[in-house]
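Spelled out, the chains give:
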Amino acid sequence: MRLVFARLLKPFRWRSPRATARMLMAFARAERSSFFDMMEAANTTSDLSRRAKYLSHAVDENRHAQMFSLRAVELDPTLAFDDSVARADFEHLFTRLGETRFLAFVHLGEKRARAQMVMFRDELAAFEGTARADTKTKALLDAVMVDEAVHESYTREFLSALAPEASELRSARFWELRRGWLRWGAASSGVLFTLTMWTLYVLMAPLALMERMRPQLPSGWRDSR
Ligand SMILES: [Fe+2]
Ligand SMILES: [Fe+2]
């Protein structure tokens, strides 16, 4: 679904270095969030071989976050002074989901991220030789994709060793959908409230007008209606 959405937004991508920088900063934020989740996984798992992999995964995600941030600031130096772009979401996913569902969730995320990067890299490849060519960002995506493929593959291996893969993937997909819905609800509730109130005000405007136009009774008379 996200890939379809990303494909639809193609005409708005790469329109300026500033827009590219904003997008790369969003990638950096996602990578940073992933770093925190992998660190929690490394600290919490009881298995030493999985701990080693989670730790190496965390190191990769931290490096990706730095690579995306540096390229973003190179494209738009004003981002270096914007504190809001350094945010990360740390949702304690390992603790909340448990190890098998966490692995399924990470596997799905890595698969999607790699597919998205392939798409973006191909879009940039099509610009080569034109004024919109961006070889540095394309090389960056190429480098990150190699690590994402490793993450995608080892999480699948661990997952199939720990649990029936299909049911965990299904459960992780469902959890992700539910989280997306709740996040959307939280983000849109303010806008929905404003729209509802405006609609109410507009619908009630004729009533207020009718009230003003109502003939006034002489003083001392009571309205028995
Ligand atoms: Fe990454
Ligand atoms: Fe990754």
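Attention in this report is confined to the structure presented alongside it. Only a predicted model underlies this, so the values are computations on that prediction, with no experimental measurement involved.

**Observations regarding the coordination of the iron ion (ligand 2)**
- Around the iron ion (ligand 2), the protein supplies Glu 61 (OE), Glu 110 (OE), Glu 110 (OE), Glu 148 (OE) and His 151 (ND1) as donor atoms, at distances of 2.0 to 2.4 Å.
- Positions of the donor residues of the iron ion (ligand 2), expressed as sequence spacing, correspond to E-x48-E-x37-E-x2-H.
- Between the two metal centres, the iron ion (ligand 2) and the iron ion (ligand 1), the spacing is 3.2 Å, with Glu 61 acting as a shared donor. Pair noted here: Glu 110 is in helix 5 (residues 99-126) and His 151 is in helix 6 (residues 135-162), with a separation of 41 residues, a long-range link. Take Glu 110 and His 151: they sit in the same class, and that class is buried.

**Let's talk about the packing of helix 6 against helix 7 (residues 165-213)**
- Interhelical geometry of helix 6 versus helix 7 gives an angle of 115° and a closest axis separation of 8 Å. For the pair helix 6 and helix 7, the contacting residues are Arg 156, Leu 159 and Ser 160 in the first and Glu 165, Glu 168 and Leu 169 in the second.
- Tallied by class, the residues present in the contact of helix 6 with helix 7 amount to two nonpolar, one polar and three charged.

**A look at the packing of aromatic side chains**
- In the structure shown here, the tally under the stated rule is 11 aromatic pairs.
- Look at Trp 14 and Phe 120: their rings are 5.9 Å apart centre to centre, the planes differ by 90°, and that puts the pair in the edge-to-face class. With Trp 14 in the loop between helix 1 (2-8) and helix 2 (17-44) and Phe 120 in helix 5, this pair connects stretches of sequence that are 106 residues apart. Each member of the pair, Trp 14 as well as Phe 120, is classed as buried.
- Ring pairs connect the aromatic residues Tyr 54, Phe 94, Phe 102, Tyr 154 and Phe 158, which therefore count as one cluster.

**Structural notes on the coordination of the iron ion (ligand 1)**
- Taken together, Glu 31 (OE), Glu 31 (OE), Glu 61 (OE), His 64 (ND1) and Glu 148 (OE) make up the full set of protein donors to the iron ion (ligand 1), lying 2.0 to 2.7 Å away.
- Going along the chain, you hit the donors of the iron ion (ligand 1) in the pattern E-x29-E-x2-H-x83-E.
- Relative accessible area serves as the criterion here: at 7%, Glu 31 is assigned to the buried category.

**Describing the side chain of His 64**
- Looking at where His 64 falls in the secondary structure, it is placed in helix 3 (residues 48-75).
- The class of His 64 is buried, set by a relative accessible area of 0%.
- Contact partners of His 64, with chain neighbours within four places excluded, come to Glu 31, Val 144, Asp 147, Glu 148 and His 151.

Conventions adopted
- Residues numbered from 1 in each chain as written.
- Chains lettered and ligands numbered in written order.
- Predicted model: local features only at pLDDT ≥ 70, side-chain atom pairs only at ≥ 80, totals over all residues.
- Heavy atoms only, no water.
- Donors = N, O, S within 2.8 Å, 3.2 Å for Na, K, Ca; no water.
- Helix = DSSP H or I, 4+ residues; strand = E, 2+ residues; numbered from the N terminus.
- Buried < 20%, exposed > 50% of the residue type's maximum accessible area, 1.4 Å probe, protein only.
- Axes fitted to C-alpha atoms, helices over the stretch in contact; angles between N-to-C directions.
- Contact = heavy atoms within 4.5 Å.
- Nonpolar A, V, L, I, M, F, W, Y, C, P; charged D, E, K, R; others polar.
- Phe/Tyr/Trp six-rings, centres within 6.5 Å; stacked < 30°, edge-to-face > 60°.

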